[in-house]
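# Secondary and tertiary structure notes
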Amino acid sequence: MSHLKMLLIVLVVYLCPVFQCQTEDTEMSEDVDFEEYAISDTDPNAAPLRIPRQVKTLKETKPHIQELSVQTTIISRYAFTAVSCSMLNRHSAATQGVFQFHIPTTAYISNFTMIVGGRVFPSQVKAREKKMKKEGGENNGKKNKNTPEQSEGEMAVFRMAVTIPGRNRAVFLLTYEELLQRRLGHYEHVTSVRPMQLVSRLSVGVTVVEHSRITYLEVLPLRNGKTPSSNGNGKSDGKVGPPVSTVIRQNDTFCKISFTPNIAQQAKIATNGMLGEFVVHYDVERETGTGIGDIQVLDGHFVHYFAPKDLPVVPKNVVFVIDTSASMVGTKIRQTKEALFTILRELRPSDHFNFVTFSNRIRVWHPGKLVPVTPNNIRDAKKFIYMISPTGGTDINGGIQAGSALLGDYLSSKEESHHNSVSLIIFLTDGRPTVGIVQSPSIIGNTKAAVQEKFCLFTIGMGDDVDYRLLERMSLENCGTMRRIPEDANASVMLKGFYDEIGTPLLSDIRVEYSEDAVEYITQNLFTNYFNGSELIVAGKLTNHSSESLHVQVTASNSERSIVLEKDVSIHEREQETERRLAEAEAGPNVNGYVERLWGYLSVKDGLKGRLRSQTSAERENYTQHATNLSLTYNFLTPLTQMTVEKPQVLADGTLAQKEAEATEAPPPAESSNQLSEDDNTLTPQSLHRNQPPKPISAVSKSTSGVSKLTKKSVTVSKTSADGDPHFVVEVPLSKLTVCFNINGEPGHILRLVTDHKRSGVTVNGALIGAPAPAGSHKEQRTYFSTITIVADKPHRSYIEVTPRKVILDDRDRMILSSSSSISIETANLGVVIVANTNLTVTILGTIQFVILFHHYKNPAPYQRDHLGFYIANSKGLSKDTHGLLGQFLYEDIGLTQLPGNFSMAGKNSTQGTLGKNTTLPSCPALKVKDRTVPVIKKSRRIYSGKQTVDCWFAKNNAAKLIDGQYSDYVVSHLFDTGDWANGTNTH
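Residues numbered from 1 in each chain as written. Predicted model: local features only at pLDDT ≥ 70, side-chain atom pairs only at ≥ 80, totals over all residues. Heavy atoms only, no water.

### Overview of the overall build of the chain
Helices and strands together make up the secondary structure of the chain, namely eleven helices and 53 strands. Looking at the chain alone, contacts between residues at least 24 apart form 71% of all its contacts between residues at least 6 apart. When the accessible area of the chain is evaluated, it comes to approximately 41,700 Å², of which 49% is carbon and sulfur surface. (Helix = DSSP H or I, 4+ residues; strand = E, 2+ residues; numbered from the N terminus. Contact = heavy atoms within 4.5 Å. Areas by Shrake-Rupley, 256 points an atom, 1.4 Å probe, with all protein chains shown as cover.)

Below, the structure written as structure tokens:
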């Protein structure tokens, strides 16, 4: 009977409209003003929405969340997260749904797309427009949430409201990326699970792929974000296991975690859908003592993880500067005292310490000195803390000056004896400056002058009435960090946790350097301190692709001496190892370029910190421009960029407006094709076009429902192609001959395939990636096309960048598409059709057509790489001046001739035969190209993923004499290089 009662309760909760999707009038609507993720709606002509009279309340029409999926792949600490949320409006009238998701403040959103009523509404990240008012240190009175660097371990809210037509579905797709920081000996990944209603299909997945062995893995109980679920050492006490329905699969370097609670299980946790945070802790094996660390190389970039262990602890000199103003009265001061009592017990005998309190007046426990850790001093310190009584205002400047003078004088008087020690101030406040100097720029300047780079300043803010921007600048400019303690959090536990992170210094003055001629654009490589349980991370770009090794040097000081660590690292071996790990783990499409994206992520973070620390407007502008450019390159939503999202216009009758210019939309569907039943879970519509009526494309067929879907229908293209290793095939139209050749390129080289920049404006370039050759092969290595770019400069500039896993389309608006989803897009300049995991067809100016094949390996051999094949389907529209490795043959007249009798080409392939129309083959054939004679042999080539075999005349020796010039003439500087053919136009 009790089970039946529970089931009825669950059903009532699930069906009750109160727990359906949040609407505009709910209490969380204040998050619209969250500046870090500013979203503007390109919807200037929106009219007020007219709701039919019979709809009395919003509660009756709230959309129902059918499915919420949050899937994360962590590859060597760098996490890619993809969120998919499907909402259904089950009513005939249009209503508003709100997609809301909490993401870590350290993460950057990299894409957001809505699919509403069968149309795709992409977002675009662009540079944030400059504000007229100055960005000073003063706070304007609003809660300060304007910087992602403000704190760590917190969540920020991404929110998007949209009107969903009657009986239609809205799908929200959000991706974000973050680099996990190691603290207290482990990494922490947090996934917010707060759909605000019970969800019939809820799934959270976390996949971890590491190079080193995973030594510790724990899934914590769900937590609410304010109350930590672990004890002081950061690990749970083991009394409560993972959340119900959690499944863990693990081997040495890989683990896959899933959390899929059903409706009943969700209701037991929280009936309102606010389940909390799904938290995963893990750590990896690392070198003992003074090893150089872990270096990973991929696609011309590297990342270096440095976290030595089992080192002697460096003594520390610490001054605690504590706010004792009236606002600290009650819980805040009680929890602060509790934390300080615990910290006092953990000070080491070699440490020295003191306390400064500030309110209207400044009080120093032991003026003019730091005292050693002895039983008597600890006892007296506890008495001092116990007697603290909050009163008066907040003199932040006075407190910092007193603490800095105390520590600075102590270090000056004991300079030699404290050479191998770490000095720091831990500063805590719950408010803004109200007494003494209150202007933020003055406080920042005074703090820097007082510290004089002699020690580090760590700041802690408690509650909501803190100028966190001021605290962040104070810490950043003085080699420290800032931490925020939320208003309702357990401050005692969080204070103790923060102290634990910085309480055990192992190294100081760390410098990480690399071969000057091999790297460029490295991220922060100078670190003031290395604390036990943390990790130092440096990433960079490799410049010299021919270098075999990378020289790494780490210099630092510990408690006893200065140390120097050096090692030569084999670049090729490290890259092979990185690629092998990725292939073994089958980590998915998003992670292949993780090292480069990690480098971009850290570089943006460094730019934002430099911008905050900058002393002049010119320096600030330089940092701003650098960080903005990187943010745009990697499509990161940062404080320097903004996201615009087109929204659907809904008419009074609840249907979508047909607005061609402002919203991307699907081809006109048949009547009632947008009417979805609640059980229809198919994601219908990934089909788009802009500005023009859709044109028929051969790869698209109409489904019975009237919605255009894509099928794996073969595309008829010519044989002219570059595919595989890469093998080139050229169908010469004028001569009715088929010619083939190989290009033995170098990994990292970018080859010009087609160039007609001056005439049609079209350029095609391909980047090569390397792989070891199979055993017994005559080749030393294989190369494949890993990226192909198609640039169309007329009538305006647009481009497509293609990798085996994704397609970036930029034709005034930028879209990032997955190669695993079928989709059709029509823009002013381009037509794009993706057949999932099969091919991509690009149409330019209505006639020029290219096809790119996706080659994926589920279990690749060492010599196999996911790669692309390039085919010219239709060259009509390309001019006779077209050049490139393939383009030069489109209008070439190649003749077949016979070499002189004394030139022997005898061999098993030199038999008589016929190739081309009415052409008799000589026994010693050669091709006549302009004034050049090229010996050839007869071969067969398989194209279209092996589905078709063609006979061709094969030119050896890297196509010498067959192609104009030589190989190096076709190597270009970057993927978007549209320079002219180095030797002028092609002549015929």
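Here the narrative resumes.
### Quick look at the nonpolar core
Residues Leu840, Phe850, Phe870, Leu927 and Leu962 are the most contacted members of the largest nonpolar core, which totals 56 residues. Grouped together as the second largest cluster of nonpolar side chains are 48 residues, Leu68, Met160, Leu174 and Tyr187 included. (Core = buried A, V, L, I, M, F, W, Y, C linked by side-chain atoms within 4.5 Å. Buried < 20%, exposed > 50% of the residue type's maximum accessible area, 1.4 Å probe, protein only.)

### Some points on the sheet that holds strand β10 (residues 186-193)
Read from one edge to the other, the open sheet built from four strands follows the order β9-β10-β15-β12, with strand pairing classed as antiparallel. Looking at strand neighbours, the two that pair on one side only are β9 (182-183) and β12 (214-219), the edges of this open sheet. The sheet contact formed by β10 and strand β15 (residues 276-284) spans seven bridges and is antiparallel. Bridged to valine 193 within β15 is glycine 276. (Pairing = 2+ DSSP bridges.)

### Considering the packing of helix α10 (residues 594-613) against helix α11 (residues 617-633)
Packing of α10 against α11 leaves a shortest axis separation of 8 Å and a crossing angle of 155°. Here α11 runs roughly antiparallel to α10, going by the angle between their axes. Here the hand of the crossing between α10 and α11 comes out left-handed. Of α11, the residues touching α10 (which contributes Trp599, Ser603, Val604, Gly607, Leu608, Gly610 and Arg611) are Arg620, Tyr623, Thr624, Ala627, Leu630 and Ser631. (Axes fitted to C-alpha atoms, helices over the stretch in contact; angles between N-to-C directions. Parallel < 35°, antiparallel > 145°, perpendicular 65-115°, else oblique. Left-handed = near helix turned anticlockwise from the far one by under 90°.)

### What to know about the packing of aromatic side chains
Each pair of aromatic rings is reported with the distance of its centres and the angle of its planes. In total, this model carries 30 aromatic pairs according to the counting rule given. The interplanar angle of 40° and the centroid separation of 6.4 Å between the aromatic rings of phenylalanine 101 and tyrosine 176 together place this pair among those described as tilted. With a gap of 75 residues between them, phenylalanine 101 in strand β4 (residues 95-104) and tyrosine 176 in strand β8 (residues 168-179) connect regions that are remote in the sequence. Of the two residues, phenylalanine 101 and tyrosine 176, both sit in the buried class. Put simply, the rings of Tyr78, Phe80, Tyr108, Trp599, Tyr601, Tyr634 and Phe636 pair up and form one aromatic cluster. Arginine 77 extends its terminal NZ or CZ atom over the ring of tyrosine 305, reaching a point 3.9 Å from the ring centre. Positioned above the aromatic ring of tyrosine 386 is the side chain of lysine 337, whose terminal nitrogen or guanidinium carbon lies 5.9 Å from the ring centre. (Phe/Tyr/Trp six-rings, centres within 6.5 Å; stacked < 30°, edge-to-face > 60°. Lys NZ or Arg CZ within 6 Å of the ring centre and 35° of its normal.)

### Concerning α10
With 20 residues, α10 extends 28 Å between its outermost C-alpha atoms, agreeing within 8% with the 28 Å of an ideal straight helix rising 1.5 Å per residue. The element α10 is largely enclosed, with a buried count of 16 among its 20 residues. (Expected span 1.5 Å × (residues − 1).)

### Topic: the state of the cysteines
Using the criterion set out here, one finds two disulfides in the structure. Disulfide pairing is shown between cysteine 456 and cysteine 479; the S-S distance is 1.9 Å. Judged by the sign of its S-S torsion, about -110°, the bond between cysteine 456 and cysteine 479 is left-handed. Of this pair, cysteine 456 sits in strand β23 (residues 456-462) while cysteine 479 sits in the loop between α7 (468-476) and β24 (482-485), and the two are 23 residues apart along the sequence. Here cysteine 456 falls in the buried class, since its relative accessible area comes to 1%. Exposure remark for cysteine 479: the relative accessible area of 33% places this residue in the partly exposed category. Shown here is the disulfide that connects cysteine 740 with cysteine 952, its sulfur atoms set 2.1 Å apart. Here the disulfide of cysteine 740 and cysteine 952 is right-handed, its torsion about the S-S bond being about 75°. Residue cysteine 740 is located in strand β37 (residues 737-742), and its partner cysteine 952 is located in strand β52 (residues 948-955); the two are separated by 212 residues in the primary sequence. Of the two residues examined, cysteine 740 and cysteine 952, each falls in the buried class. Disulfides within the chain link the bonded cysteines, taken in sequence order, as 1-2, 3-4. (Disulfide = S-S within 2.5 Å.)

### Thoughts on helix α6 (residues 440-451)
Helix length check: α6 (twelve residues) gives 16 Å between terminal C-alpha atoms against 16 Å at 1.5 Å per residue, within 8%. Those residues of α6 that sit buried are Ser440, Ile443, Ile444, Thr447 and Val451. Projected down its long axis, α6 carries its buried residues within an arc of 100°, all on one side. Where α6 is buried, its residues contact α5 (396-413), β23 and α7. Positive phi shows up at glutamine 452, right after α6, with a value of about 55°. (Arc of directions from axis to C-beta.)

### Things to note about the pattern of salt bridges
Summed over the entire model, instances satisfying the criterion amount to 33 salt bridges. Residue arginine 597 is joined to glutamate 177 by a salt bridge in which the shortest nitrogen-to-oxygen separation is 2.9 Å. Here arginine 597, found in helix α10, pairs with glutamate 177, found in strand β8; they are 420 residues apart in sequence, far enough to count as distant. Considered together, arginine 597 and glutamate 177 belong to a single accessibility category, that of buried residues. A salt bridge links lysine 332 to glutamate 487, with the shortest nitrogen-to-oxygen separation between them at 3.8 Å. Of the two residues, lysine 332 is situated in helix α3 (residues 331-346) and glutamate 487 in the loop between β24 and α8 (491-502); the sequence distance between them amounts to 155 residues. According to the relative accessible area criterion, glutamate 487 is partly exposed, its value standing at 39%. Connected through shared salt-bridge partners, Arg77, Arg182, Glu210, Asp283, Arg286 and Glu535 make up one network. (Salt bridge = Lys/Arg side-chain N within 4 Å of Asp/Glu carboxyl O.)

### Section: the confidence of the model for the chain
Per-residue confidence for the chain gives a mean pLDDT of 79; residues scoring 70 or more make up 78%. At the level of individual helices and strands, the chain shows its lowest average pLDDT in strand β33 (residues 700-702), which scores 30, and its highest in strand β19 (residues 352-358), which scores 97. Across residues 1-60, where pLDDT falls below 50, the model places 120 contacts with residues more than four positions away in sequence or in other chains. Contacts of residues 660-716 to residues separated by more than four positions or lying in other chains number 128 contacts, the stretch itself having pLDDT below 50. (pLDDT = per-residue confidence, 0-100.)

### Structural notes on the packing of α5 against α6
Running from N to C, α5 and α6 point in directions that differ by 5°, and their axes come no closer than 9 Å. Between α5 and α6, the angle is such that the two are roughly parallel. Here Ile396, Asn397, Ile400, Gln401 and Ser404 of α5 come into contact with α6, specifically with Ile443, Asn446, Thr447, Ala450 and Val451. Among the residues forming the contact of α5 with α6, the class breakdown is five nonpolar, five polar and no charged. (Nonpolar A, V, L, I, M, F, W, Y, C, P; charged D, E, K, R; others polar.)

### Here's the deal with the pairing of strand β47 (residues 848-855)
Buried residues dominate β47, accounting for eight of its eight residues. Here β47 shows a buried face lined by Ile848, Phe850, Ile852 and Phe854 and a second buried face lined by Gln849, Val851, Leu853 and His855. As consecutive antiparallel partners, strand β46 (residues 839-844) and β47 are separated by three residues, and within that stretch leucine 845 has a phi angle of approximately 55°, a positive value. For β47 and strand β48 (residues 867-874), the ladder comprises seven bridges, and the chain directions are antiparallel. Across the sheet, phenylalanine 850 pairs through a bridge with isoleucine 872, a residue of β48.

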